[in-house]
Amino acid sequence: WKFIVLLILGMLFLSNSFFTVETDEVGVITRFGKFSREVEPGLKFKVPFVEKVYLVPVERQQKIEFGFKTTKADVRSEYYRGDTELEVALMLTGDLNLADVEWVIQYRIDNPYNYLFKVRSPESALKDISEATMRQIVGDRTVNEVITVGRTQMSIELKDLLQKVCREYSLGVKIDQVVLQDVNPPAPVKEAFNAVNEAEQEKETLINRAKSERNKV
């Protein structure tokens, strides 16, 4: 019996001593709950029952979606929009109109220590910061800017502001890209908005046609 007990204890010791860090990860080890060290990819050792390891995917690009959820990523992706997503997407513009804004943040963890220990829930914090920043940016523009010509500038501005706030909060993440997935008028007024745009385009076409005829004369 003593041999069996020793064998079991030995197996427990070994199983809790060695771990593998994948190539896209960094291992963060704590001892009695306090940060001890970081370890690079490979087979590593820790003191069992005393040290704990957190595997942080520092090379993996992660994303957060706002205003929608991808349910199936394929050639023909499928999306879902529930009440929560619709609430996030609906925003007030600077000229007191409404816009339906969907966007995606792509980021990487560039400081594992900060990501694990500086903020209680870094992903949740990043979501809140992104939503607040996007509302600020949309609120500084007219609805036409938001839906048409201002989209590229909005993406750049959101990326820069997000990165700045992430550094101030010691979030430990680097923003790789911000993509405005879709920007539209809210569903109840979408048809009327499109009708106005079509009328303006027709107006420009008629003006250009009239100028052309005048030049011929």
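Below is a short write-up of the structure. (Residues numbered from 1 in each chain as written. Predicted model: local features only at pLDDT ≥ 70, side-chain atom pairs only at ≥ 80, totals over all residues. Heavy atoms only, no water.)

**Side note on helix α6 (residues 151-168)**
Then, in step 1: End to end, α6 covers 26 Å across 18 residues, agreeing with the expected 26 Å (1.5 Å per residue, within 8%).
Then, in step 2: Where α6 is concerned, the buried positions are Met154, Ser155, Leu158, Leu162, Gln163, Val165 and Cys166. In a view along the axis of α6, the buried residues occupy a sector of 165°, so they form one face of it. Relative to its buried face, α6 has exposed residues pointing more than 90 degrees away, namely Thr152, Arg167 and Glu168.
Then, in step 3: Packing partners of the buried residues in α6 comprise β10 (98-109), α4 (122-139), α5 (143-147) and β11 (173-184).
Then, in step 4: Phi turns positive one or two residues past the end of α6, at Ser170, with a value near 55°. (Helix = DSSP H or I, 4+ residues; strand = E, 2+ residues; numbered from the N terminus. Expected span 1.5 Å × (residues − 1). Buried < 20%, exposed > 50% of the residue type's maximum accessible area, 1.4 Å probe, protein only. Arc of directions from axis to C-beta. Contact = heavy atoms within 4.5 Å.)

**Side note on the pattern of salt bridges**
When the charged atoms of two side chains lie near each other, side chains of opposite charge can form a pair.
Then, in step 1: Overall, the coordinates contain twelve salt bridges when judged by the stated rule.
Then, in step 2: Salt-bridge contacts for Arg60 lead to Glu25; the nearest nitrogen and oxygen are separated by 4.0 Å. Remark: Glu25 occurs in the loop between β1 (18-21) and β2 (26-31) and Arg60 occurs in the loop between β5 (51-56) and β6 (62-66); sequence separation between them is 35 residues.
Then, in step 3: The exposure class assigned to Arg60 is partly exposed, which follows from its relative accessible area of 39%.
Then, in step 4: A salt bridge links Asp176 to Lys174, with the nearest nitrogen and oxygen atoms 3.5 Å apart.
Then, in step 5: Look at Asp176 and you get partly exposed, because its relative accessible area is 21%.
Then, in step 6: A relative accessible area of 41% means that Lys174 is categorised as partly exposed. (Salt bridge = Lys/Arg side-chain N within 4 Å of Asp/Glu carboxyl O.)

**Remarks on unusual backbone geometry**
Then, in step 1: You will see that Phe49, though not glycine, has its phi angle at about 65°, which is positive.
Then, in step 2: For Phe49, the position within the fold is in the loop between β4 (42-45) and β5.
Then, in step 3: Judged by its relative accessible area of 66%, Phe49 is exposed.
Then, in step 4: In this structure, Leu96 is a non-glycine residue whose phi angle is positive, near 65°.
Then, in step 5: If you trace the backbone, Leu96 turns up in the loop between β9 (90-92) and β10.

**What to know about the layout of surface pockets**
A water-sized probe rolled over the atoms picks out the places where empty space is left.
Then, in step 1: Computed from the structure, the largest pocket encloses a volume of approximately 250 Å³.
Then, in step 2: Contributing to the lining of the largest pocket are 15 residues, with Ile64, Glu65, Phe66, Lys69 and Lys127 lying nearest its centre.
Then, in step 3: At the level of secondary structure, the elements contributing two or more residues to the lining of the largest pocket comprise β6, α2 (83-89) and α4.
Then, in step 4: If one sorts the elements of the lining of the largest pocket by residue count, α4 sits on top with five residues.
Then, in step 5: For the lining of the largest pocket, a count of residues per class yields four nonpolar, three polar and eight charged.
Then, in step 6: In terms of lining residues, the second largest pocket is bounded by twelve residues, among which Arg81, Asp100, Pro185, Pro186 and Ala187 are the most central.
Then, in step 7: Of all the elements in the fold, those that place two or more residues in the lining of the second largest pocket are β10, β11 and α7 (187-216).
Then, in step 8: Top contributing element to the lining of the second largest pocket by residue count: β11, with three residues. (1 Å grid on protein atoms, 1.4 Å probe; cavity = no way out; pocket = protein on both sides within 12 Å on 5 of 7 lines; lining within 4 Å. Points joined across faces, edges and corners; volume = space filled by probe spheres on them. Nonpolar A, V, L, I, M, F, W, Y, C, P; charged D, E, K, R; others polar.)

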